[in-house]
Amino acid sequence: MSNSSSITHFLLLDFGNTRELQLLHFCLFLGIYVAALLGNGLIITIVGSDHNLHTPMYFFLLNLSVLDLGFISTTVPKSMANALWNTRAISYSGCALQVFFFLICATTEFSLLTIMAYDRYVAICQPLHYGTLLGSTACIRITATAWGSGFLYAMLHTVNTFSIPLCEGNAVNQFFCDVPQVLKLSCSDTYIREAGLLMFSASVFWWCFVFIVVSYVQIFRAVLRIPSEQGRHKAFATCLPHLAVVSLFISTGTFAYFKPPSISSPSLDLVVTVLYSVVPPALNPLIYSMRNQELKKSIRKVISE
């Protein structure tokens, strides 16, 4: 038996016991990571440089791209390095930092997706009040609140998680240090306070999810009342990408953390975790640019220059 004071490093999940599988893992993650860097980097550059895109919707989209870069950069590079150098080790402090930055990005991203739902609600259901409710000062304040709450939440979780005695070894059954996997190494009954904190977090996320659903019910009701087919198409074009991103993030994340133990398996856990932590940062830029004519126009302008 070991305890947390004697643990100097953790062992992450090994994708394969052969060199070929490790290199395949490295190549797949490298391709996804490069796609995420290019896609999100392009959106950040375009929104930052094009004054026509200096609106609340694109300001939130810029922050989402920054979060996606942090989200995937927290987990994937270390996993790729381990596969390349044929090791599983991550230091104790490195594991704690992974948990901390992963929680910052995940919590802030969910808060931002909730804010973006509110932005679309005001733009479509209360357009005359849009400038008042979502002026530049208001956008900065609510975004700063999302980042600040994410920081405090991540700090609380990280300190709480790594203050729990760990008695079940140091092998983390995931390709990065994830809170539920670290808690599985804890001593019997010592993880109750962290589990309670996770349940409280789940209730907060649930109310955010309800807010998003109610917002979109009101949005779709308002859009269907628009007499012009072109107006309805434009409204849907600004809402559907956000709804697709929210659906992907929430469905995979919820299944990863709340799936029944009876269907849990290491391979299923790995696939679901990749779906909610690695795939969305790479897909989000594509989802947002597919139906957004202003963004596509700016992208074509940048590429042609």
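Residues numbered from 1 in each chain as written. Predicted model: local features only at pLDDT ≥ 70, side-chain atom pairs only at ≥ 80, totals over all residues. Heavy atoms only, no water.

Short version of the rule: UniProt positions are given in the numbering used here, feature names are shortened, and annotations may be inferred rather than shown by experiment.
If you look the chain up in an unreviewed UniProt entry, it shows as Olfactory receptor from Podilymbus podiceps. Under the Subcellular location (unreviewed entry) heading, UniProt states for the chain: "Cell membrane".

1. Re helix H5 (residues 136-162)
Heads up, the rule is: In DSSP terms, a helix is any run of H or I states spanning at least four residues, a strand is any run of E spanning at least two, and both are numbered starting from the N terminus. Residue count minus one, scaled by 1.5 Å, sets the expected span of a helix. Each residue gets one of three labels from its accessible area relative to the maximum for its type: buried under 20%, exposed over 50%, partly exposed in between, using a 1.4 Å probe on protein chains only.
Helix length check: H5, at 27 residues, gives a terminal C-alpha distance of 39 Å against a target of 39 Å (1.5 Å per residue), a fit within 8%. Those residues of H5 that fall on the buried side of the exposure criterion are Cys139, Thr143, Ala146, Gly150, Tyr153, Ala154, His157, Thr158, Asn160, Thr161 and Phe162.

2. Some words on the layout of surface pockets
As a reminder, the rule being used: Points on a 1 Å grid, built from protein atoms alone, make a cavity when a 1.4 Å probe fits but cannot get out and make a pocket when they are open with protein on both sides within 12 Å along at least 5 of 7 lines; residues with an atom within 4 Å of a point are the lining residues. Grid points are joined across faces, edges and corners, and a volume is the space filled by probe spheres set on the points. Each residue gets one of three labels, nonpolar for Ala, Val, Leu, Ile, Met, Phe, Trp, Tyr, Cys and Pro, charged for Asp, Glu, Lys and Arg, and polar for the others, Gly among them.
A volume near 440 Å³ is recorded for the second largest pocket. In terms of residues, the lining of the second largest pocket owes the most to one element, helix H8 (residues 229-258), which gives six residues. Here the residues of the lining of the second largest pocket are counted per class, giving eight nonpolar, six polar and four charged.

3. Some points on the packing of helix H2 (residues 56-84) against H5
Packed helices, taken two at a time, are described by the angle their axes make and the gap between the axes. Condition: Interaxial angle, 0 to 180 degrees, is taken between N-to-C directions of lines fitted to C-alpha atoms, where a helix line uses only the stretch in contact. Angles below 35 degrees are treated as roughly parallel, those above 145 as roughly antiparallel, those between 65 and 115 as roughly perpendicular, and all remaining angles as oblique. It is the rotation of the near helix from the far one that decides the hand of a crossing: anticlockwise by less than a right angle makes it left-handed, clockwise makes it right-handed. Note on contacts: a residue pair is in contact if any heavy atoms of the two residues lie within 4.5 Å.
The N-to-C vectors of H2 and H5 enclose an angle of 20 degrees; their axes lie 11 Å apart at closest approach. Taken together, the axes of H2 and H5 lie roughly parallel to each other. Our pair here, H2 against H5, has a crossing hand that is right-handed. Seen from H2, the contacting residues are Pro56, Phe59, Phe60, Asn63, Val66 and Leu67; seen from H5, they are Cys139, Ile140, Ile142, Thr143 and Trp147. When its residues are assigned to classes, the contact of H2 with H5 shows nine nonpolar, two polar and no charged.

4. Thoughts on empty space enclosed by the protein
Scanning the model with the defined rule gives two cavities of 30 Å³ or more in all. For the largest cavity, the calculated volume is near 80 Å³. If you trace the largest cavity, you find it lined by Met57, Tyr58, Leu61, Met116, Ala237, Thr238, Pro241, Tyr288, Asn292 and Leu295. Looking at the lining of the largest cavity, the elements that each hand over two or more residues are H2 and H8.

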